[in-house]
Amino acid sequence: MTETRATPGGAAPAGRVSTLLCAACGKKNRIRPAERGAPHCGACGEALPWLVNASDSTFAYEARSSIAIMVDLWAPWCGPCRVVGPMLENLSKEYAGRIKVVKVNVDENPALAQRFQATSIPTLLVIKDERVVERIVGALPPNDLKMRLFPYLMKT
């Protein structure tokens with residue numbers, strides 16, 4: 001999981017920094033939310049697995065990207081959510097540069113849960129071009145999840 005924190009002197013969500021670990025070389029990379037492209041390692045140049053946490057106040061910044069965004073609406077007490085979480089982490093590594101995973105704890109962020117009508121969790125949403133293009137409710141086996149996501153993971 002990545003660590004996300006505000007930069008010194010920057011309370012606005014746009015100043016948020018995520019620390020992403022490069023799967024290829026192990027270097028830690030600090031990145032900010034970006035609407036274009038995907039993050040790459042500053043040391044080796046490989047695409048980084050892009051997995052971040054978002055809240056009601058930071059979601060608008062984290063959910064803007066030129067690549068597909070997988071939103072995971074989850075809660076820590078939810079058993080199926082604890083199964084889906086590692087699968088999404090693996091997908092962010094396998095499809096680095098083609099997907100951004102944004103995790104939202106619905107207990108801590110009820111406005112987003114309501115906005116996306118997450119009456120059951122886990123609820124997974126694929127956002128492309130700022131609109132929901134796929135909705136998955138419940139835990140799927142890894143291969144079934146990949147099949148549902150595949151059309152949105154194509155290189156652009």
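Since this is a predicted model, take the numbers as computed values, not measurements.

### Quick word on the environment of P39
Position of P39 among the secondary structure elements: in the loop between β3 (28-31) and β4 (50-53). Expressed as a C-alpha distance, the spacing of P39 and L20, which sit 19 residues apart in the sequence, is 8.9 Å. For P39, the contacting residues outside a window of four places in its chain are L20, I31, E46, A47, L48 and W50.

### What to know about the nonpolar core
Membership of the largest hydrophobic core comes to 28 residues, with the highest contact counts inside it found for F59, V71, L73, V102, V104 and F116. In terms of residues, this core owes the most to one element, strand β5 (residues 68-74), which gives four residues. Leave out the neighbours within four places in its chain, and F116 touches F59, L73, L125, I127, V132 and R135. Judged by nonpolar contacts, the second largest core, of 16 residues, contains A68, M70, M87 and L149.

### Digging into helix α2 (residues 79-94)
Taking 1.5 Å of rise per residue, the 16 residues of α2 would be expected to cover 22 Å, and the 24 Å separating its terminal C-alpha atoms lies within 8% of that figure. Among the residues of α2, those classed as buried are C81, V84, G85, M87, L88, L91 and S92. On its buried side, α2 packs onto β4, β5, β6 (99-105), β7 (123-128) and α4 (142-149).

### Comments concerning unusual backbone geometry
Look at the link from I121 to P122: it is a cis peptide, with omega at 0°. Mapping P122 onto the fold places it in the loop between α3 (110-115) and β7. Here the phi dihedral of D129 falls at roughly 55°; this positive angle occurs in a residue that is not glycine. Of note, D129 is situated in the loop between β7 and β8 (131-137). Since its relative accessible area comes to 60%, D129 is described here as exposed.

### Section: the packing of aromatic side chains
A full pass over the atoms with the stated rule returns one aromatic pair. Between the aromatic rings of F59 and F116, the centroid separation amounts to 5.6 Å while the plane-to-plane angle is 65°, which identifies the pairing as edge-to-face. Taken together, the residues span a long stretch of sequence, with F59 in helix α1 (residues 59-62) and F116 in the loop between α3 and β7 at a distance of 57 residues. Each of the two residues, F59 as well as F116, counts as buried. In this structure, K103 packs its charged tip against the face of W74, placed 5.0 Å from the ring centre.

### As for the pattern of salt bridges
Counted according to the given criterion, the structure contains five salt bridges. Of the charged contacts, one joins K100 and E62 as a salt bridge, the two residues approaching to 2.9 Å between their closest N and O atoms. Placement of the pair is K100 in strand β6 and E62 in helix α1, with a sequence separation of 38 residues. Like K100, the residue E62 is buried in the burial classification. R148 is the salt-bridge partner of E134, the closest N and O atoms lying 2.7 Å from each other. Taken together, the positions of E134 in strand β8 and R148 in helix α4 put the pair 14 residues apart, joining distant regions of the chain.

Rules of the game
- Residues numbered from 1 in each chain as written.
- Predicted model: local features only at pLDDT ≥ 70, side-chain atom pairs only at ≥ 80, totals over all residues.
- Heavy atoms only, no water.
- Helix = DSSP H or I, 4+ residues; strand = E, 2+ residues; numbered from the N terminus.
- Contact = heavy atoms within 4.5 Å.
- Core = buried A, V, L, I, M, F, W, Y, C linked by side-chain atoms within 4.5 Å.
- Buried < 20%, exposed > 50% of the residue type's maximum accessible area, 1.4 Å probe, protein only.
- Expected span 1.5 Å × (residues − 1).
- Phe/Tyr/Trp six-rings, centres within 6.5 Å; stacked < 30°, edge-to-face > 60°.
- Lys NZ or Arg CZ within 6 Å of the ring centre and 35° of its normal.
- Salt bridge = Lys/Arg side-chain N within 4 Å of Asp/Glu carboxyl O.

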